[in-house]
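Inside the fold
Each chain, written out:
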Amino acid sequence: MATRASPLILFESNTFWYLLLLLAMGLFSCVAEAKVHYHKWKVNYQTWAPDCVQANIISINGQYPGPTIRAREGDTVVVKLENLMATENVVVHWHGIRQIGTPWDDGTASMSQCAIYSGETYIYKFVVDRPGTYFYHGHYGLQRSAGFYGSLIVDAADTEPFTYDGELSIVLNDWWHQSTYEQAVGLSSNPFVWVGEPQSLLIEGRGKYNCSATSKSCNSTNSQCSPYVLPVHPGKTYRLRIASVASLSAFNFLIQGHKMTVVEADGHYVEPVEVDNLDVYSGESYSVLLTSNQDPSKNYWAAVNVRGRQPKTPTGMAILNYVPNPSTKLPTTVPPPSPLWNDYAYSKTLAKKFVALKGHEELPPTMSDRQLILLNTQNKINGFTKWAINNISLVPPPTPYLAAMKYKIRGAYDTTPPPDVYQPRDYNISVPPPNPNATEGNGVYVFKLNSVVDVILQNANTLNVNNSEIHPWHLHGHDFWILGYGDGVFDPKKDPQKYNLVNPPLRNTVALFPYGWTALRFKADNPGVWAFHCHLEAHFFMGMGVMFAEGIEKVGRIPTSSMGCGVTKHKINMHH
């Protein structure tokens, strides 16, 4: 006697095959499909008043700051950029995006691509492979200082390890009244002319300068410099995304009467850390959770102050607006102060609190294949003031490294590798260099693909007595594990024994503190040529950087649109 399958079994069986068919046809998916986000940008000069003082800035589609790019993990971003500036070239770096498979779109002039000439159009196309808080900015000359930046936010495809009711986002910046062209001339002159401290600190492109203190055109009622407003509803928790594109300043950020809980740093989850204030170095980004649990009849200041340099710039302020209070209702008291500008012990203690969230981040390999020890010094070259790494000041060549190395173009750059360690090994970091002379160079550190590299950043005294500065170092194309910080001279035998290999944070930017060292580890697993440099505009402009490369033979065909300058003008047709 034949048996019959139960209706339930038949239903489940038929449903299974039906879903399988839908999946095969591409009509059903449990995971949201990746999307392509198209943006069309017109980059041009614009008259603006970020701190009420009228200035010429670089804007995108007439906006300042630039438009926010928002995408989902795994999506593709396409930006068609038209350079309308009559006298200036341009590139855009997508800070924190690793550019896996698209190293030519990293947006670094003379490194990943040729600059986009006046009147030309270039199309950037890349995948945002990891959720987090990022941003973009100009990477040509001092264009970041001219206001050429904006937010880039990547939403997670899956549930995140924290919850919130709403989201807010700000970018912090410092601002000068002197144009970037005047600054660049001073930095390149003999005698040297320093840019000085900024006139204002901006929160989401807005600050307030005392109009009575300047002879420049200044209007304190201009809406472009009215305080930025962060609207919140009482009793809710918000994710506040914070990034710094500062050209010089280390920042300390706080919100009057409110604590913040740090949950993300540079696109990676960290164990929650509750803070009253947060140091944010140039190139860094964070997500903090903020609960609106104070008196709802009031508004509160969000404030940013300078750390690491003797402050000569007033506090930058925005308004935490408890809805339905009017956003024009100003707090009646001043914001609380930040820690003292030179309390480096506070800064180091805070930095060491950020560790990877257990179970959510990759742990580092226990050993490395190669170690670099990079000495950061201020030097002289033919009487000009420069910054140097292991006594070499970086001067990028006219031909982009990526094309030069991919197509083996002779004479495009110095093929002699820079030194892995500085000499002499007993260099005294506590005093100005006895011989301040350095050399210019454009060599490349070449790593074996998938090798593990340790980089020790060693700070030292500048050309001035009793002076050593904070340097925030940013790595393109990779994230790195921060294995440790230390004071004085790094000891290659003893100090690695103190490395944090249990839960070090993954970051793309890290602070090097005065007279100390910072140890990093990363996998050289992204074929391309990548900049590693101090993220302070003037310092990088003056040569404070190095170049890394790996897996060049794995790099795909480079778009002709990213070449056409330097030697590639003549060699490009030989290889395409």
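What counts, and where the lines are drawn
Residues numbered from 1 in each chain as written. Predicted model: local features only at pLDDT ≥ 70, side-chain atom pairs only at ≥ 80, totals over all residues. Heavy atoms only, no water. Helix = DSSP H or I, 4+ residues; strand = E, 2+ residues; numbered from the N terminus. Polar contact = N/O pair within 3.5 Å; in protein donor to acceptor, adjacent residues only side chain to side chain. Contact = heavy atoms within 4.5 Å. Salt bridge = Lys/Arg side-chain N within 4 Å of Asp/Glu carboxyl O. Domains from an automatic or database assignment. Nonpolar A, V, L, I, M, F, W, Y, C, P; charged D, E, K, R; others polar. Pairing = 2+ DSSP bridges. Axes fitted to C-alpha atoms, helices over the stretch in contact; angles between N-to-C directions. pLDDT = per-residue confidence, 0-100. Buried < 20%, exposed > 50% of the residue type's maximum accessible area, 1.4 Å probe, protein only. Arc of directions from axis to C-beta. Phe/Tyr/Trp six-rings, centres within 6.5 Å; stacked < 30°, edge-to-face > 60°. Lys NZ or Arg CZ within 6 Å of the ring centre and 35° of its normal. Core = buried A, V, L, I, M, F, W, Y, C linked by side-chain atoms within 4.5 Å.

Moving on, we get to the side chain of His 95. As for its placement among the helices and strands, His 95 is situated in strand β5 (residues 92-95). Separated by 3.4 Å, the side chains of His 95 and His 474 make a polar contact. Polar contacts involving the side chain of His 95 include one to the side chain of Asn 508, which spans 3.4 Å. His 95 has contacts with Tyr 134, Phe 135, Tyr 136, His 137, Gly 283, His 474, Asn 508, Thr 509 and His 535, leaving out every residue within four places of it along the chain.

Attention shifts here to the pattern of salt bridges. Taken as a whole and judged by the stated rule, the model has 21 salt bridges. As a salt-bridge pair, Lys 42 and Glu 82 come within 2.7 Å of each other at their nearest N and O atoms. Linking Lys 42 in strand β1 (residues 36-48) with Glu 82 in strand β4 (residues 76-83), this pair joins segments that are 40 residues apart in sequence. Residue Asp 155 pairs with Arg 241 through a salt bridge whose shortest N-O separation is 3.9 Å. With Asp 155 in strand β8 (residues 149-155) and Arg 241 in strand β12 (residues 237-244), the pair connects residues that are 86 residues apart, well separated along the chain. Among the charged side chains, a salt-bridge network with shared partners connects Arg 70, Asp 155, Glu 167 and Arg 241.

It is worth spelling out the domain arrangement of the chain at this point. Splitting the chain by domain gives domain 1 (34-158), domain 2 (160-360) and domain 3 (370-570). For domain 1 versus domain 3, the distance between C-alpha centres works out to 24 Å. Contacts between the two partners involve 26 residues from domain 1, matched on the other side by 39 residues from domain 3. Linking domain 1 to domain 3 there are 2 salt bridges. Among the ionic pairs, Arg 144 bridges to Glu 537, the shortest N-O distance being 3.4 Å. Class assignment for the residues of the side of domain 1 that touches domain 3 results in 8 nonpolar, 14 polar and 4 charged.

Here we come to the sheet that holds β12. Across a sheet, strands are paired by hydrogen bonds formed along the backbone, either parallel or antiparallel in direction. Pairing is mixed in the open sheet, where 6 strands are placed in the order β10-β9-β12-β17-β14-β15. Among the strands making up the open sheet, the edge pair consists of β10 (200-203) and β15 (268-275). Mean inter-strand twist for the sheet, computed between neighbouring axes without regard to direction, equals 25°. Note that β12 and strand β17 (residues 285-291) share 7 bridges and pair antiparallel. If you follow Tyr 238 over to β17, its bridge partner there is Leu 290.

On to the side chain of His 539. Considering the arrangement of structural elements, one finds His 539 in helix α5 (residues 537-541). Among the polar contacts made by the side chain of His 539, one reaches the side chain of His 471 at a distance of 3.2 Å. Here His 539 is in contact with Trp 194, Trp 387, Glu 469, His 471, Cys 534 and Met 544, once residues within four sequence places are set aside.

To continue, consider the confidence of the model for the chain. Confidence in the prediction of the chain, expressed as mean pLDDT, is 93, and 93% of residues score 70 or more. A low-confidence stretch, residues 1-31 (pLDDT under 50), is modelled with 6 contacts involving residues beyond four sequence positions or located in other chains.

Once that is clear, we can look at helix α2 (residues 180-187). Owing to its 3.6 residues per turn, the α-helix aligns residues three or four sequence positions apart on the same side. Within the sequence span of α2, burial applies to Thr 180, Gln 183, Ala 184, Gly 186 and Leu 187. All buried residues of α2 lie within an arc of 160° about the axis, which places them on one face of the element. If you follow the buried residues of α2, they end up packed against β21 (384-389) and α5.

Before going further, it helps to examine the packing of aromatic side chains. Taken as a whole and assessed by the stated rule, the structure comprises 24 aromatic pairs. Here the aromatic rings of Tyr 64 and Tyr 149 are separated by 5.6 Å at their centres, their planes lie at 80°, and the arrangement is edge-to-face. Of this pair, Tyr 64 sits in the loop between β2 (55-60) and β3 (69-72) while Tyr 149 sits in strand β8; the two residues are 85 residues apart in sequence, bridging distant segments of the chain. The class for Tyr 149 is buried, based on a relative accessible area of 0%. Between Tyr 485 and Phe 513, the ring centres sit 5.7 Å apart and the planes meet at 55°, which makes this aromatic pair tilted. Of this pair, Tyr 485 sits in strand β27 (residues 480-487) while Phe 513 sits in the loop between β29 (509-512) and β30 (516-524); the two residues are 28 residues apart in sequence, bridging distant segments of the chain. You'll find Tyr 485 and Phe 513 in the same group, each marked buried. Within the aromatic cluster, the residues linked to one another by ring pairs are Trp 41, Trp 94, Tyr 122, Tyr 124, Phe 126 and Tyr 136. Arg 425 extends its terminal NZ or CZ atom over the ring of Tyr 422, reaching a point 4.5 Å from the ring centre.

Within the largest apolar cluster, 50 residues are counted, with the highest numbers of intra-cluster contacts made by Trp 41, Trp 94, Tyr 124 and Leu 152. Counting contributing residues, this core receives three or more from each of domain 1 (34-158) and domain 3 (370-570). When near neighbours in sequence (up to four residues on either side) are disregarded, Trp 41 contacts Ile 60, Asn 61, Pro 67, Ile 69, Val 79, Lys 80, Leu 81, Glu 82, Val 92, Trp 94 and Tyr 136. Among the nonpolar cores identified, the runner-up in size contains 40 residues, and Leu 374, Phe 447, Val 455 and Ala 538 belong to it.

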